[in-house]
Amino acid sequence: MAASVEEILAEMRENPAGVRFADACKVATHYFGQPRQNGTSHKVWKMPWPGDPRINMQAGDGGKAKAYQVRQAVAAIDTLLTRAASPATATQPPPEPKPSKPKKRKR
């Protein structure tokens with residue numbers, strides 16, 4: 001039986017060096033959607049908050065994900081869950097700029 005996303009995420013937290021690449025990708029895809037880069041040795045997911053944050057996954061030795069990338073993915077998931085739990089910090093579009101006052105012309 002295949003492990004659930006929650007079970008894999010718990011394993012990612014406990015032992016980042018022991019997570020299979022395919023399982024780490026399954027969790028990242030669950031939380032962040034399809035990777036924007038797929039088909040090379042790397043998979044890259046864009047985060048749903050402003051700026052240009054992303055997580056990257058690359059297969060290491062023995063089909064395992066690289067531990068530092070697993071830790072980065074867990075941190076991004078924690079950020080996503082925190083933002084979802086706190087509506088005040090959820091991703092919102094930037095405020096509309098205030099219209100500028102027309103300049104007075106000198107006569």
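Heads up: these notes are all about the structure in this document. (Residues numbered from 1 in each chain as written. Predicted model: local features only at pLDDT ≥ 70, side-chain atom pairs only at ≥ 80, totals over all residues. Heavy atoms only, no water.)

**Section: the environment of Lys43**
Reasoning step 1: With respect to the element layout, Lys43 can be found in strand β1 (residues 42–46).
Reasoning step 2: Taking the C-alpha atoms as reference points, Lys43 and Met57, 14 residues apart in sequence, are found 5.2 Å from one another.
Reasoning step 3: Residue contacts for Lys43: discarding those within four places in its chain leaves Phe21, Cys25, Pro35, Gln37, Asn38, Ile55, Asn56 and Met57. (Helix = DSSP H or I, 4+ residues; strand = E, 2+ residues; numbered from the N terminus. Contact = heavy atoms within 4.5 Å.)

**Topic: helix α2 (residues 21–32)**
Along an α-helix, a turn takes 3.6 residues, which lines up residues three or four apart on a common side.
Reasoning step 1: Spanning 12 residues, α2 covers 16 Å between terminal C-alpha atoms, matching the ideal 16 Å at 1.5 Å per step.
Reasoning step 2: Three or more residues of α2 are buried, namely Phe21, Asp23, Ala24, Cys25, Val27, Ala28 and Phe32.
Reasoning step 3: Of the surrounding secondary structure, the elements contacted by the buried residues of α2 are α1 (5–14), β1, β2 (54–58) and α3 (67–85).
Reasoning step 4: Backbone geometry just downstream of α2 places Gly33 in the positive-phi region, at approximately 85 degrees. (Expected span 1.5 Å × (residues − 1). Buried < 20%, exposed > 50% of the residue type's maximum accessible area, 1.4 Å probe, protein only.)

**Section: the nonpolar core**
Reasoning step 1: Core analysis: the biggest nonpolar cluster contains 23 residues, and Met12, Val27, Phe32, Trp45, Met47, Ile55 and Met57 have the highest contact counts within it.
Reasoning step 2: At the level of secondary structure, the elements contributing two or more residues to this core comprise α1, α2, β2 and α3.
Reasoning step 3: Leave out the neighbours within four places in its chain, and Ile55 touches Ala28, Phe32, Lys43, Val44, Trp45, Met47, Gln72, Ala73 and Ala76. (Core = buried A, V, L, I, M, F, W, Y, C linked by side-chain atoms within 4.5 Å.)

**Quick notes on the pattern of salt bridges**
Reasoning step 1: Counted under the stated rule, the structure contains 2 salt bridges.
Reasoning step 2: Between Asp78 and Arg13 there is a salt bridge whose closest N-O contact spans 2.6 Å. You can see Asp78 sitting in helix α3 and its partner Arg13 sitting in helix α1, a full 65 residues away along the chain.
Reasoning step 3: Note on Asp78: relative accessible area 29%, which makes it partly exposed.
Reasoning step 4: In this structure, Arg20 engages Asp23 in a salt bridge whose closest nitrogen and oxygen atoms are separated by 3.4 Å. (Salt bridge = Lys/Arg side-chain N within 4 Å of Asp/Glu carboxyl O.)

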